[in-house]
Each structure stands twice: as C-alpha cells, then as structure tokens.
Amino acid sequence: MTDQQRYMGAALEEARAALAQEEVPVGAVVVCDGQIVGRGRNCREGKKDPTCHAEIMAIRDAAAHLGGWRLHRCQMYVTLEPCPMCAGAIVQARVGKLVIGAMDPKAGACGSLMNLLQDKRLNHQVEIEAGILEEECRSVLQEFFTALREKRKKT
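Here is a short report on the structure shown in this document. Bear in mind that the values here come from a model prediction, so they are computed numbers and not experimental data.

Now for the packing of aromatic side chains. Per the counting criterion, the structure on display carries two aromatic pairs. Measuring from centroid to centroid gives 5.3 Å for Y7 and Y77, while their planes differ by 55 degrees, and the two rings are tilted. Within this pair, whereas Y7 is found in helix α1 (residues 3-20), its partner Y77 is found in strand β3 (residues 74-80), the two being separated by 70 residues in sequence. Neither residue differs from the other here; Y7 and Y77 are each classed as buried. Seen from their ring centres, F144 and F145 are 4.9 Å apart, and the 80 degrees between their planes marks the pair as edge-to-face. Using a relative accessible area of 12% as the deciding quantity, one classes F144 as buried.

Structure representation (structure tokens):
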C-alpha cells in the first residue's frame, strides 16, 4: 500500500463515520510532513451548518493543530472532488496539493465544472491529483444515495 492509498484510506474512514451518522459520506484528511494533522467529515445535518463540509472541517482541524492558517506545506486527501465553497477554502488556506478520490461531475470545482484550484487569476494555485482509491470512494457515496432513495420510496 502506498502512502497515498493510506492517507486516502484515512479519508475513507472519515467518510464512513459520516455515513454512520446519516451524513453525505465525504471525508478528508490534511497531511503535513508525513503526519495526518487534520481530519474532517461532512456534518452539516448534525451541526445544522451549511459550511460543515469535510474539507472545511479538516482545514480547521489542521490549522488548529499547526497553529496557523497557512497550509502550504500540506496535502489534502478528500474522497470526493470539492465543491466551489471548499475549493475556495483550499485556495485560501494555501494547501499545497489536493488528492481526490472520485470526481464530482455535478458539483466539482477542481476540474469537473470548473477548476478554482488552478485559476491563474488567483494568488495561489494548488497541485491536483485524482483517482486514488476511486472505486472505494465512489462506492461509499453510492451506498448512501441508494439507501436514501429506498428510504424515500417507503415514505
């Protein structure tokens, strides 16, 4: 198992924890100097806060752990391509690299609908790599949405 697979596996653990809490199962970790320094999972429903996406939570955790908001030496691993809000937060946090499990053709802002992370008009660009443990990342999301559709049919 490569380091990338191990870190994406940690993001998948966060996604599965979100799934157990009936949240959309997206997870993220922030890695700095080979150590996980931030963890996050979707928790919008539980916190009743639209900004509580996995990426935002992981950035907050990493900034608190490192004692500063600039995460330029860090890499973020996230199970699903970030939305525009999260992509903006990643740029603002100066994350050095983003590793994505599955792309999101409906809401992704890191290459699918747009690419905020590498827009030359912004003062920071983020390296992007996609497809790490893609099937596992996609599977946890499909499981959630299949169960949600089944639940809605019963009501």
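There is more to say after this.
Counting through the fold element by element, D119 comes out in the loop between β4 (97-102) and β5 (127-130). A polar contact is formed between the side chain of D119 and the side chain of R121, at a distance of 2.6 Å.

Of all seven residues in β3, six are buried, a share of seventy percent or more. Strand direction decides the pairing type here: strand β1 (residues 27-32) and β3, joined by five bridges, are antiparallel. Pairing of C32 across the sheet is with C74, part of β3. Across five bridges, the pairing between β3 and β4 is parallel. Pairing of V78 across the sheet is with I100, part of β4.

Conventions we followed
- Residues numbered from 1 in each chain as written.
- Predicted model: local features only at pLDDT ≥ 70, side-chain atom pairs only at ≥ 80, totals over all residues.
- Heavy atoms only, no water.
- Phe/Tyr/Trp six-rings, centres within 6.5 Å; stacked < 30°, edge-to-face > 60°.
- Helix = DSSP H or I, 4+ residues; strand = E, 2+ residues; numbered from the N terminus.
- Buried < 20%, exposed > 50% of the residue type's maximum accessible area, 1.4 Å probe, protein only.
- Polar contact = N/O pair within 3.5 Å; in protein donor to acceptor, adjacent residues only side chain to side chain.
- Pairing = 2+ DSSP bridges.

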